[in-house]
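# Architecture and fold: a report
Listed below are the residues making up each chain.
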Amino acid sequence: MVRNGTGSYTATIPGLTKKGGNVQVTAYGKNPARCKVSDWSASDSGTSANVLCFDGTGVAADEKFTLAYTIGVPMGLWNYKHDKGNTHYGDSGAYAWADQPDNTKTYRPPHAFNYNGFDTGRLTVAWQQTGNYLVTLRGVEDLGAAGILVTANGDGNTTCSAGNTNEGYNPVEVNCFDQNANPVDSEFSVLFQTDLKK
Amino acid sequence: MQAIEIMRPMCRVENPRRKPRLLELAIRSIGIAAVFLAPTLSAAGTLPSGAGKPRVAWGYVDGGNLDCGAFCFSNPKRRGGVYVAYLGTGSYEVELEGMGPPGPDDVQVSAAQGGGFAYCMTAGWSVAHHDRGTVDIIVNCYDVAGNPTDDAFAFLYQSRAIPLDQGRKELPFSWRISRPRRATRPIPPISTIRQAAPTPWCATERAPTPRQFPA
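Keep in mind that what you see is a predicted model, and the values were worked out from it rather than measured.

### Describing the overall build of chain A
Assigned secondary structure in chain A consists of zero helices and 14 strands. For chain A, the succession of helices and strands along the chain, N to C, is β-β-β-β-β-β-β-β-β-β-β-β-β-β. The buried share of chain A, reckoned over its 198 residues, is 51%. Contacts in chain A between residues at least 24 apart in sequence constitute 57% of all its contacts with a sequence separation of at least 6.

### Focus on the overall build of chain B
On a plain count of helices and strands, chain B comes out with three helices and 12 strands. Across the 215 residues that make up chain B, the buried fraction comes to 47%. Relative to all contacts within chain B whose residues are 6 or more apart in sequence, the contacts with residues 24 or more apart total 71%.

### A few points about the confidence of the model for chain B
Residues and elements named next belong to chain B. Across chain B, the average pLDDT comes to 56, with 39% of residues at 70 or higher. At the level of individual helices and strands, chain B shows its lowest average pLDDT in helix H2 (residues 37-44), which scores 26, and its highest in strand E9 (residues 134-142), which scores 93. Scored below 50 in pLDDT, residues 66-70 shows 10 contacts in the model against residues more than four places distant or in partner chains. Low confidence marks residues 163-215, where pLDDT is under 50. Its contacts with residues over four positions away, or in another chain, come to 103 contacts. On the interface metric, ipTM, the complex scores 0.91, and its pTM is 0.75.

### Observations concerning the sheet that holds strand E13 (residues 172-177) of chain A
All names here are of chain A. Ordered by their spatial adjacency, four strands build an open sheet running E9-E10-E13-E12, and the pairing between neighbours is antiparallel. Pairing within the sheet leaves two strands with one partner each, and these edge strands are strand E9 (124-129) and strand E12 (159-162). Across the sheet, the mean angle from the axis of one strand to that of its neighbour is 25°, orientation sign disregarded. In the sheet, E9 pairs with strand E10 (residues 132-136) via five bridges, with the strands oriented antiparallel.

### Quick look at unusual backbone geometry
All names here are of chain A. Positive phi, normally seen in glycine, also occurs at Asp-119, with a value near 55°. Along the chain, the position of Asp-119 falls in the loop between strand E8 (114-116) and E9. We note that Ala-181 has phi near 70°; this positive angle belongs to a residue other than glycine. Among the residues examined, Ala-181 registers 14 C-beta atoms within 10 Å and is labelled partly exposed.

### Regarding the nonpolar core
General note: in soluble globular proteins, nonpolar side chains tend to be found buried as a group. Within the largest apolar cluster, 92 residues are counted, with the highest numbers of intra-cluster contacts made by Val51(A), Val190(A), Val139(B), Phe153(B) and Phe155(B). If sequence neighbours within four positions are ignored, Phe155(B) has contacts with Gly147(A), Trp58(B), Gly59(B), Val61(B), Val94(B), Val107(B), Val109(B), Ile137(B) and Val139(B).

### A closer look at the pairing of E13(A)
Residue and element names in this part refer to chain A. The buried count for E13 comes to five of six residues, which makes it a mostly enclosed element. In terms of strand pairing, E10 meets E13 through four bridges, oriented antiparallel. Of the residues in E13, the one forming a bridge with Asn-132 is Asn-175. Bridge analysis of E12 against E13 gives four bridges, and the strand direction is antiparallel.

### What to know about the pairing of strand E5 (residues 82-88) of chain B
Residues and elements named next belong to chain B. Summarising burial for E5: six of the seven residues are buried, a large majority. Judged from the six bridges that link them, E5 and strand E6 (residues 91-96) form a sheet pairing that is antiparallel. Residue pairing for E6: Gly-88 is matched across the bridge by Ser-91. Between E5 and E6, which pair antiparallel in sequence order, lie two residues; one of them, Gly-90, sits at a positive phi of approximately 70°.

### Focus: the confidence of the model for chain A
All names here are of chain A. Per-chain confidence: chain A averages 88 in pLDDT, with 86% of residues scoring 70 or above. Element-level mean pLDDT values for chain A span from 84 in strand E14 (residues 187-197) up to 98 in strand E4 (residues 33-42). Of the regions scoring below 50 in pLDDT, residues 79-90 engages in 23 contacts with residues more than four places distant in sequence or in other chains.

### A short note on the environment of Gly58(A)
All names here are of chain A. The residue Gly-58 is located in the loop between strand E5 (46-55) and strand E6 (64-70) in this model. In sequence terms Gly-58 and Asn-157 are 99 residues apart; their C-alpha atoms lie 6.3 Å from each other. Not counting residues within four places of it along the chain, the set of residues in contact with Gly-58 comprises Asn-157 and Gln-179.

### Section: the environment of Cys160(A)
Residues and elements named next belong to chain A. Mapped onto the elements of the fold, Cys-160 is located in strand E12. Counting along the chain gives 10 residues from Cys-160 to Val-150, while the straight-line C-alpha distance between them is 6.4 Å. In contact with Cys-160, not counting residues within four places along its chain, are Val-150, Ala-152, Val-174, Asn-175, Cys-176, Ser-186 and Phe-188.

### Points about the environment of Gly154(A)
All names here are of chain A. Tracing the chain through its elements places Gly-154 in the loop between strand E11 (146-153) and E12. Take Gly-154: there are 18 C-beta atoms within 10 Å of it, and that puts it in the partly exposed class. Residues Gly-154 and Leu-52, 102 residues apart in the sequence, show an inter-C-alpha distance of 9.3 Å. Among residues more than four places away in sequence, those in contact with Gly-154 are Ser-38, Ser-186 and Glu-187.

What counts, and where the lines are drawn
Residues numbered from 1 in each chain as written. Chains lettered and ligands numbered in written order. Predicted model: local features only at pLDDT ≥ 70, side-chain atom pairs only at ≥ 80, totals over all residues. Helix = DSSP H or I, 4+ residues; strand = E, 2+ residues; numbered from the N terminus. Buried ≥ 20, exposed ≤ 12 C-beta atoms within 10 Å, placed from the backbone. Contact = placed C-beta atoms within 7 Å. pLDDT = per-residue confidence, 0-100. Pairing = 2+ DSSP bridges. Axes fitted to C-alpha atoms, helices over the stretch in contact; angles between N-to-C directions. Core = buried A, V, L, I, M, F, W, Y, C linked by C-beta atoms within 7 Å.

Written as structure tokens, this is what we have:
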């Protein structure tokens, strides 16, 4: 872990040299703070994620945080593909990096950052209005009981969160805001966990 | 360690949408054991020696709804329940039973109401040895001004138990800055928890049980 400056860190995971995946971060502590992943990349030595943290007023600040990275399978789930003896079941999930914040046309995030455990095709992202996006898992009508994690990406102190996921609606709404609570276009990473069987 | 009896409402939460069958639950527990193997093996090549079975729980808390029955959860660990306590505005305790012995672990939370600016963060978590390893996670949510606010959130807990004779070698899947020793991991003051007044959140109350928290 390297501190680049106030509220700016680079976390390196040695040995993880494959490009892609999904990174989630969560600020940690008793005072209001939030963290985001500005970007991440893979090299011959490992994967590095740049993390930015802010205090409750949106000012860059040194904060504790937790970080989780996954590639090829969603966090917190066991994909049926990897269970050689039991191929008839499996909680499934998905993840995507929405990397085109101002693309007003529906697009598919890059393949390496786009995983769908249901094997129904890559996730798509549709810009609805400023700071408002719909992430769709094609061929999945209802997510069932779902947990959806969202982390804002890119520069600045934007923050993103999922819409109300209580009903397991698909597509899932993601909203991004600036420090003044105004909607703002932003990159984000979304990760789905569901109890659906494929 | 000091035994503290905490008097607060705890809600046993079931996913009202669907009750998994016993066989399905058993299958899930098998899956948990391998959730981290694929990314770790494919990317890093080897698993650290002494790595135990991964333990995972995830779910959704409808933190802004005063009807306990509206909580929506899923915990793929069949041996334990999931409970939530409302500690005060924007502050929640998520309790996960049966998560096994402590090991390197990670918590991720994300606001999920989506209607406006809000964010949630982890204020602390602890793993107790009773009840086959009960994990307590404190989640706080804030509005744009940094004031506590009720909000829905999603959570994810991941750990890999390490046999006691193998030490506590860190695994590559998660870490945190300035990770405190488990015994000193911050949690809300006991007084805060004890003073938390019962709220109408719970349709049914769970009988208080003696709990162990760091002194």
